[in-house]
Amino acid sequence: MYRWNIRRISTKAVRLVEVGPRDGLQNEPNTAALTTKVKAEFIRRLANSGLRWIEAGSFVSPKWVPQMADTEAVLETLAKDPEIAKMSSLRLPVLVPNMTGLETALSSGLSTVLKEVAVFTAASDTFNKKNTNCTVEESLKRLAEVCKTATDKGLMVRGYVSTVVGCPYEGQIAPEKVRDVTLELLRLGCYEVSLGDTIGVGTAGNLDRVDPSKLAVHFHDTYGQALANILSGIRTIDSSVAGLGGCPYAPGASGNVATEDVVYMLHGLQYFTGVDLAKLVAAGEFITAKLGQTNRSRTANALLTKK
Ligand SMILES: CC(C)(COP(=O)([O-])OP(=O)([O-])OC[C@H]1O[C@@H](n2cnc3c(N)ncnc32)[C@H](O)[C@@H]1OP(=O)([O-])[O-])[C@@H](O)C(=O)NCCC(=O)NCCSC(=O)C[C@@](C)(O)CC(=O)[O-]
């Protein structure tokens with residue numbers, strides 16, 4: 001355990017994981033607008049903005065999250081896209097909750113675009129039961145086989161722990177519980193664990209004692225604390241263009257921190273992101289227009305007003 005702050009980051013480089021096409025759309029009420037073609041075009045535009053980690057969807061039960069039911073078709077569309085094929089460093093991970101999801105991910109048609117999967121659990125049993133119909137311990141047992149099979153087959157595996165600060169059902173969460181679940185995911189073979197403040201209740205002090213190696217942060221911006229929390233110093237940041245998102249099984253949670261706001265802040269701090277902000281803003285406008293949604297990025301709205 002040790003403390004860090006922004007001054008200890010020497011490389012001035014950060015890694016952004018765009019979760020808009022998955023976290024951003026998984027709770028979207030306007031399902032009619034969510035065609036495979038729109039999703040694939042959205043991902044293509046995000047990739048063209050320079051983002052290199054873009055969560056493309058999830059292989060979860062369509063009865064639980066119908067918005068993600070066509071993830072396989074989205075990836076098949078992208079696999080045929082010559083521009084995407086040229087982006088050798090592009091990662092398009094998908095969430096898998098169990099072996100059924102992993103088997104879809106391993107299907108031969110996807111191997112050209114799918115190099116990484118993400119597994120997910122939580123620090124709260126009640127949330128985990130609502131989200132995946134099992135306790136945290138049961139999910140870790142389930143994920144052990146998923147992680148082993150995925151890594152044996154050459155896929156990279158990212159882990160998520162939800163409700164790392166607060167749970168919509170249980171309230172405050174003990175940091176020790178977060179640590180134990182995180183360590184277990186790393187032990188199972190995850191190369192990195194993303195800490196999800198699912199309902200956005202954390203403040204910067206909450207993260208002071210987390211060892212930052214192999215960690216990413218995933219903030220929902222319910223209380224407007226996400227940018228301040230990001231400055232706590234983790235170098236891998238999950239975000240969602242236009243501030244889209246929210247977990248369907250976390251009532252009251254708002255969208256993720258907006259990627260445009262994160263990029264604007266990081267560029268102001270002289271960090272290298274590799275992202276073209278204007279193209280990113282255009283990708284956010286593309287998807288919000290399709291969905292008939294308000295763009296929740298302050299940066300995007302400011303730049304669009306200037307235009
Ligand atoms: C885990 C289950 C499947 C358990 O759900 P279950 O009902 O216990 O599953 P089951 O094994 O009993 O199977 C029930 C049915 O689902 C099917 N099924 C089973 N698995 C799959 C699969 N992978 N893909 C497609 N179909 C599947 C299975 O074949 C069967 O079909 P039926 O025989 O009834 O026709 C379910 O609870 C589920 O899909 N949950 C996912 C919920 C979800 O996606 N939540 C959002 C993502 S997590 C999140 O947003 C938080 C995060 C990561 O962003 C971080 C943060 O902010 O905190």
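Predicted model only: the values in this text are computed from it and were never measured.

A. Representation of the overall build of the chain. In terms of regular secondary structure, the chain is built from twelve helices and ten strands. With respect to the three principal axes, the spread of C-alpha positions in the chain is 50 × 45 × 35 Å. Of all 307 residues assigned to the chain, the portion counted as buried reaches 54%. Put simply, the chain has 35 plus and 31 minus side-chain charges, and the middle of one group is 4 Å from the middle of the other.

B. Fine view of the state of the cysteines. This model, assessed by the stated rule, comprises zero disulfides. In this model cysteine 134 remains outside any disulfide bridge; the closest cysteine sulfur is found in cysteine 147, 13 Å from its own. Cysteine cysteine 247 shares no disulfide, and the gap to the nearest cysteine sulfur, in cysteine 167, comes to 11 Å. Overall, the relative accessible area of 11% leaves cysteine 247 in the buried class.

C. Inspection of the site of the ligand at higher detail. Close to the ligand lie 27 residues; Gln26, Lys63, Asn133, Ser162 and Thr198 are nearest. Between the ligand and phenylalanine 59, the relevant distance is 2.9 Å, taken from a nitrogen atom to a main-chain nitrogen or oxygen of the residue. In this structure, valine 60 approaches the ligand through a main-chain N or O atom, which is 3.3 Å from a nitrogen atom. About the coverage of the ligand: the protein hides 73% of its 1100 Å² of free accessible area. Broken down by secondary-structure element, the contributors of at least two residues to the shell around the ligand are helix 1 (20-24), helix 5 (99-105), helix 6 (125-132) and strand 5 (156-162). Split by residue class, the shell around the ligand holds ten nonpolar, 13 polar and four charged.

D. Highlighting the packing of aromatic side chains. In this structure the tally under the stated criterion is one aromatic pair. Stacked on the ring of tryptophan 53, the Lys or Arg arginine 15 has its end atom at 4.0 Å from the ring centre. When the ring centre of tyrosine 160 is taken as reference, the NZ or CZ atom of arginine 158 above it lies at 5.4 Å.

E. The pairing of strand 1 (residues 15-18), seen in detail. Because side chains alternate across strand 1, one face comprises the buried residues Arg15 and Val17, and the other comprises Leu16 and Glu18, equally buried. Of the strand pairs in this sheet, strand 1 and strand 10 (residues 236-239) are connected by four bridges, and their pairing is parallel. If you follow glutamate 18 over to strand 10, its bridge partner there is serine 239.

F. Structural detail: unusual backbone geometry. Its identity is not glycine, yet alanine 242 carries a phi of approximately 65°, on the positive side. Assignment of secondary structure puts alanine 242 in the loop between strand 10 and helix 10 (259-268).

G. Layout of the environment of lysine 37. By the element assignment, lysine 37 lies in helix 2 (residues 36-48). On the accessibility criterion, lysine 37 (71% relative accessible area) is exposed.

Reading the values: the criteria
- Residues numbered from 1 in each chain as written.
- Predicted model: local features only at pLDDT ≥ 70, side-chain atom pairs only at ≥ 80, totals over all residues.
- Heavy atoms only, no water.
- Helix = DSSP H or I, 4+ residues; strand = E, 2+ residues; numbered from the N terminus.
- Buried < 20%, exposed > 50% of the residue type's maximum accessible area, 1.4 Å probe, protein only.
- Lys, Arg positive; Asp, Glu negative; His and termini not counted.
- Charge placed at Lys NZ, Arg CZ, Asp CG, Glu CD.
- Disulfide = S-S within 2.5 Å.
- Near = heavy atom within 4 Å.
- Polar contact = N/O pair within 3.5 Å; in protein donor to acceptor, adjacent residues only side chain to side chain.
- Areas by Shrake-Rupley, 256 points an atom, 1.4 Å probe, with all protein chains shown as cover.
- Nonpolar A, V, L, I, M, F, W, Y, C, P; charged D, E, K, R; others polar.
- Phe/Tyr/Trp six-rings, centres within 6.5 Å; stacked < 30°, edge-to-face > 60°.
- Lys NZ or Arg CZ within 6 Å of the ring centre and 35° of its normal.
- Pairing = 2+ DSSP bridges.

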